[in-house]
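Analysis of the macromolecular model
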Amino acid sequence: MLTTLLIVLPLVAAAVVWAAPLPREATAGIASLVALVEVGLWILALLRFDFGSSALQHSAQREWFSDLGVSYHVGFYGFSLWLAGLTVALGAAAIGFGMWVGRDRARAYYGLMLFLVGAVVGVFASQDLLLFYVFFEAMLIPIYILVGVWGGPNRAAATIMFVVYTMAGSLLMLASIVAFGLSQGTFDLIAAGTSDNDWVFLGFAVAFAVKAPLFPFHGWLRAAYTEAPPEVAALLSGVVSKAAVFGFVWIVLRHFPGPVGDWRTVILVLAATGLVYGSLLAFRQPDMRGVVAYSSMGQMGLITLGIFAGNDLGLGGAVLQSVGHGLVSAAMFLLAGMVIERTGSDRFADLGGMAKGRPVLATIVMIVGMLTLAVPGSANFAGEFAILAGVFAQGWGYAAVGAVAIVLAAMYTLRLISAVLHRASGAAIRAEALDLRPGEVALVLPLVLALLALSAWPAAVSDRSFPDRGPAGVISEAAE
């Protein structure tokens, strides 16, 4: 019941917002209230979750197409519950940001944001392949419109690029879903067995690689992340990319153990390449959002290394890193949006010197920056360490590449902090560019506090994503 409520509430609220002719303030208030209720529902689901059980929890199942073995089947395992929590938390922050900047065409905007949150939660809760595909496609529709209507000056090109890449990936995944479901006699992810078909495996793998995005399927990333409104980019980087994590873990690893073994080296090499390539591109970017965009590409490469490490350490670290990266990247995009609201630009050449007279902004940028570069003791450090230790079993070279990328992450993060806070003031910095206001702090501070809490207790995620016998064992057992 709770899972269904988490999915349906924002979808119904979106329909109400679209239909009701309410003023902007009332529409924004309803959307914010629903987003906060979503957070409350997720906390209730967390409190009632038995992390020692290997069973699907908060589940619901209703027959949909009996002849095809398709059903509305939803519920959470530990790792997917964390991803759903990440979604509702970032959804509330993003909707709050839209309310703070006063987005125009409020009914359309807030309806789309609520619809996006409901669809992404649906992706993480789905236990039926066709239902998963429905939510996977549904979450793309609001993104197309939000980027295309409320995006930057090059939003049309960014939208077309995003559509081309994601539609190509989606078609491959649909073909794989049909082939896999018909061969198994069911589309249920719990009931279905395993497959050794390399082509079906590749259809899923490429679709998730596009969504992450992973090298060399990242062509849409820069334009979409930098032309999207900052709060939409926060959701793209923070949670939409994590649909790939869910797909790799719960569809690819679980149902294709043979092809995973055959293609593991190829995937690990591409992930390691993307990790270094994304980090190098992040270091060369001329603006805040460009740095966060390409750093996200690098981090998704790191997470993929953990997923395909083939052991509990790497997989647990990948889930922890997914949550940590979602929080830091969303916080950075929101901070970039707040800088843009003050200066009209997030280009480093226009910024600089913002630490002077703006202690709250400087403190929050410094804290998020330190968490981004994974200082020892942080949640991201714990996640990266677990991933590198896990992937070491597949070859020391992968761990060495990951260590080099950590150094690159420190370089591009320190460059961003210096360019925004410490260098000589650029042309866009004016005296009226004030410090963060309480309403803005209220949007970012919960994300920072969540990161600090995870830094103090990373095992809350890494040790509670799968039952005690370990993630790799659970996946292999489920595949039997």
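Going by the structure above, here's the rest.
Just so it is clear, the model here is predicted, and its values are computed rather than measured.

What counts and how
Residue positions within a chain follow its written sequence, with the count starting from 1. In keeping with the predicted nature of the model, local features appear solely for residues at pLDDT of at least 70, side-chain atom pairs appear and are counted solely at 80 or more, and the whole-chain, interface and lining totals rest on all residues. Here the side-chain values reflect all heavy atoms present in the structure, with hydrogen atoms and water set aside. Secondary structure elements follow DSSP: runs of H or I no shorter than four residues count as helices, runs of E no shorter than two count as strands, and numbering proceeds from the N terminus. Only protein chains enter the area calculation, which uses a 1.4 Å probe; residues under 20% of their type maximum are buried, those over 50% are exposed, and those in between are partly exposed. It only takes one pair of heavy atoms within 4.5 Å for two residues to be counted as in contact. The method behind every accessible area is Shrake-Rupley, applied with a 1.4 Å probe, and residues are considered shielded solely by the protein chains displayed. Here Asp and Glu are counted as negative and Lys and Arg as positive; His is not counted, and neither are the chain ends. To locate a charge, the coordinates of NZ of Lys, CZ of Arg, CG of Asp or CD of Glu are taken. Here the nonpolar core consists of buried residues drawn from Ala, Val, Leu, Ile, Met, Phe, Trp, Tyr and Cys, with membership extended through side-chain atoms lying within 4.5 Å. Think of it this way: DSSP has to see at least two bridges between two strands before they count as a pair. Stacked, edge-to-face and tilted labels apply to pairs of Phe, Tyr and Trp rings (six-membered ring for Trp) whose centres lie within 6.5 Å, assigned for plane angles under 30 degrees, over 60, and everything in between, in that order. The rule is short: NZ of Lys or CZ of Arg within 6 Å of the ring centre and within 35 degrees of the ring normal puts a charge over the ring.

The next thing to look at is the overall build of the protein chain. Counting its secondary structure elements, the protein chain contains 20 helices and two strands. Taking the principal axes of its C-alpha atoms as reference, the protein chain extends roughly 65 × 60 × 40 Å. By residue count, 61% of the 480 residues in the protein chain fall in the buried class. Counted over contacts in the protein chain with a minimum sequence separation of 6, partners at least 24 positions apart contribute 81%. Of the roughly 16,900 Å² of accessible surface on the protein chain, 67% is carried by carbon and sulfur atoms. Seen as two clouds, the 24 positive and the 27 negative side-chain charges of the protein chain have centres 12 Å apart.

Nonpolar side chains tend toward joint burial in soluble globular proteins. Counting 174 residues, the largest nonpolar core has Met139, Phe204, Phe208, Leu305 and Ile307 as the members making the most contacts within it. Top element by residues in this core is helix H14 (residues 312–343). It accounts for 16 residues. Once you skip the residues sitting within four places of it in the chain, Leu305 turns out to touch Leu268, Ala271, Ala272, Leu275, Ile387, Val391 and Tyr398.

Okay, the pairing of strand E2 (residues 70–76) next. Side chains on a regular strand alternate between the two faces of the sheet. Among the seven residues that make up E2, six are buried, leaving the element largely enclosed by the rest of the structure. One ladder, built from six bridges, connects strand E1 (residues 57–65) with E2; its direction is antiparallel. Bridge pairing links Glu63 to Ser71 in E2. With antiparallel pairing between neighbouring strands as the criterion, E1 and E2 make up a hairpin whose turn holds four residues, including Gly69 at a positive phi of roughly 70°.

This paragraph deals with the packing of aromatic side chains. Summed over all chains, the structure comprises 28 aromatic pairs. With 4.9 Å between their ring centres and 80° between their planes, Tyr109 and Tyr110 make a pair best called edge-to-face. Each member of the pair, Tyr109 as well as Tyr110, is classed as buried. Aromatic side chains Phe248 and Phe308 sit 5.3 Å apart centroid to centroid with 80° between the ring planes, which places their arrangement in the edge-to-face category. Here Phe308 lies in the loop between helix H13 (288–307) and H14 and Phe248 lies in helix H11 (residues 242–255), a separation of 60 residues in the sequence. There is no split in this pair, since Phe248 and Phe308 are both buried. Above the ring of Trp150, the side-chain terminus of Arg105 is found at 5.5 Å from the ring centroid.

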